[in-house]
Amino acid sequence: MKKLAILGSTGSIGHSTLSICESFPDRYQVISLAAGSNIDVAYAQCLRWRPKVISLATEQLAATLKTRLKAADISNIEVLHGTAGSIHVATLPEVNFVVSAIVGVAGLEATYAAVCAGKTIGLANKECLVAAGELIIAAAKKHNVALLPIDSEHNAVHQCMRGGTPQEVKQIWLTASGGPFRNTPLPDFDHITPQQALKHPTWVMGQRITIDSATMMNKGFEVIEACRLFNLPPKQVRVTIHPQSTVHSLVEFVDGSILAQISVTDMRLPILYALAYPERVPSEGKVDLTFDLTTLSQLDFSVPDLTRFPCLRLAFEAAENGGRSCIALNAADEIAVAAFLEGRIPFMGIPRTIETVLQLTAGQPPASISEVLDADLAARQQAREVIAPQFTGVGR
Ligand SMILES: NC(=O)c1ccc[n+]([C@@H]2O[C@H](COP(=O)([O-])OP(=O)(O)OC[C@H]3O[C@@H](n4cnc5c(N)ncnc54)[C@H](OP(=O)(O)O)[C@@H]3O)[C@@H](O)[C@H]2O)c1
């Protein structure tokens, strides 16, 4: 029986993970949950899953949840809050598998603590590896912890890697749907609205990752994530536009063979793979993850256009530059995406903001998680300063 802590239980990945737990009650048991501010869903999850511990983002939210649980005559769920709360959730002695799916660097400390506590990690939160990849990978090696990717592309690479040794890998190919603006002409990019950007053609996901998919920054993060997870330099990680999102990624071996992983576009599959690893469990009859190969009529692959999607270029540059660039890339993106969603900067203001912040970023790679968080805060502040005059300009 795998005993789970789910960080980000109220989000899209959290829901999919709980749906797998629902389908395989004999294999997966929910021990603890961590969420942000969606108190209604957190309360419903307490009623359904009866976790031992749940943590919410703030003390006030935790107090409200406690009151609601008390009114429902439930007194055996410990309710915590903040970073300390999510670290507690992730490191409970009875937990042996942690699903890391809090969005952004808010999930970093709990994920790192879980690695240091020797828990197997199902990693959805890509920002952790982008901002603190070297530290997390080093800790995973030290504590002999498996980092199992849930992100569908890395999950696909992980599956294909089982077909050869790391030395036999020539390069990997991460597929990208191209997002909703794959065919949009460059002059139209500054008129893209948040509503348009929030409509992803193939995946239903949280807001930040949906906008990151529209700018292709999500693919940029995945390039960095792949370099770290699979110990590859950026030049051995390639991106290909594949609008059908059927091939989730590919591994090219030195003899010329290319292995691809094909499946439904449903995050429950990579989650099930990570939870079951190293086994494969039959999904038929439990959860419908069947892919009908006979419906496959066309597979297109093309080169991404870095002029229309400068975020992807910025991510490759940050991966090459190292130091604190990847931290700044992620932090500036988070601030810029929020500003775009609030109507404060145009769509192309996102890469412009990030590029300016990257130009201002210097320094050695961080030696600790607290240095990562300091560098993250500094880059956020720079991003706000870059955005402020743009906003005044828009308002005039
Ligand atoms: N969705 C996908 O298909 C997908 C695929 C690959 C990778 N990922 C990655 O997986 C992660 C989660 O994505 P998602 O789509 O599930 O995002 P989401 O739907 O926005 O969910 C984010 C989760 O994080 C929680 N959260 C936010 N701030 C928090 C805080 N300060 N403390 C504790 N919890 C906090 C949210 O809680 P509340 O809702 O309660 O505020 C929610 O449970 C991201 O890093 C994303 O890049 C997602």
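Here, every reference points to the structure presented above.
These numbers come from a predicted model, not from an experiment. (Residues numbered from 1 in each chain as written. Predicted model: local features only at pLDDT ≥ 70, side-chain atom pairs only at ≥ 80, totals over all residues. Heavy atoms only, no water.)

Considering empty space enclosed by the protein
Considering all chains together, one arrives at one cavity of 30 Å³ or more under this definition. Lining of the largest cavity is provided by Ser152, Asn155, Trp203, His248, Gln261, Ser263, Val264, Leu269 and Pro270. Secondary-structure elements contributing two or more residues to the lining of the largest cavity are helix H7 (152–161) and helix H11 (268–276). (1 Å grid on protein atoms, 1.4 Å probe; cavity = no way out; pocket = protein on both sides within 12 Å on 5 of 7 lines; lining within 4 Å. Points joined across faces, edges and corners; volume = space filled by probe spheres on them. Helix = DSSP H or I, 4+ residues; strand = E, 2+ residues; numbered from the N terminus.)

Quick notes on helix H12 (residues 310–321)
For H12, with 12 residues, the first-to-last C-alpha span of 16 Å sits near the 16 Å given by 1.5 Å per residue. Of the residues making up H12, those classed as buried are Pro310, Cys311, Leu312, Leu314, Ala315, Ala318 and Ala319. Tucked inside the fold, the buried residues of H12 contact helix H9 (207–215), helix H10 (217–229), strand E9 (237–241), helix H13 (325–341) and helix H14 (349–359). Just past H12, the residue Gly322 takes up positive phi, approximately 65°. (Expected span 1.5 Å × (residues − 1). Buried < 20%, exposed > 50% of the residue type's maximum accessible area, 1.4 Å probe, protein only. Contact = heavy atoms within 4.5 Å.)

With respect to the packing of helix H6 (residues 126–142) against H10
Two elements in contact, H6 and H10, have axes whose closest approach is 8 Å; the angle formed by their N-to-C orientations is 20°. On the basis of their axis angle, the class for H6 and H10 is roughly parallel. Crossing of H6 over H10 shows left-handed handedness. Residues Lys126, Leu129, Val130, Ala131, Gly133, Glu134 and Ile137 of H6 form the contact with H10, whose own contacting residues are Asn218, Phe221, Glu222, Ile224, Glu225, Arg228 and Leu229. Here the residues of the contact of H6 with H10 sort into seven nonpolar, two polar and five charged. (Axes fitted to C-alpha atoms, helices over the stretch in contact; angles between N-to-C directions. Parallel < 35°, antiparallel > 145°, perpendicular 65-115°, else oblique. Left-handed = near helix turned anticlockwise from the far one by under 90°. Nonpolar A, V, L, I, M, F, W, Y, C, P; charged D, E, K, R; others polar.)

Here's the deal with the pattern of salt bridges
Two side chains carrying opposite charge are able to pair once their charged atoms lie near each other. Tallying each qualifying case throughout the model produces 23 salt bridges. Measuring nitrogen to oxygen at the nearest pair gives 2.6 Å for the salt bridge that ties Asp376 to Arg380. In this pair, Asp376 and Arg380 are both assigned in helix H15 (residues 369–395), four residues apart and thus about one turn of the helix distant. For Arg380, a relative accessible area of 10% translates into the label buried. Each of Glu127, Arg208, Asp212, Asp333, Glu334, Asp376 and Arg380 takes part in salt bridges that share partners, so that together they form one network. (Salt bridge = Lys/Arg side-chain N within 4 Å of Asp/Glu carboxyl O.)

A word on the state of the cysteines
Overall, the coordinates contain zero disulfides when judged by the stated rule. Sulfur of Cys21: no disulfide; nearest cysteine sulfur belongs to Cys46 and is 15 Å away. Residue classification places Cys21 among the buried residues on the basis of a relative accessible area of 1%. Left without a disulfide partner, Cys128 is nearest to the cysteine sulfur of Cys116, which lies 12 Å away. With relative accessibility at 0%, the residue Cys128 sits in the buried group. (Disulfide = S-S within 2.5 Å.)

Describing the layout of surface pockets
Its volume calculated, the second largest pocket comes out at about 800 Å³. For the second largest pocket, the lining is made up of 30 residues, of which Ile137, Arg228, Leu229, Phe230 and Asn231 are closest to its centre. Residues belonging to the lining of the second largest pocket are distributed by class as follows: 19 nonpolar, seven polar and four charged.

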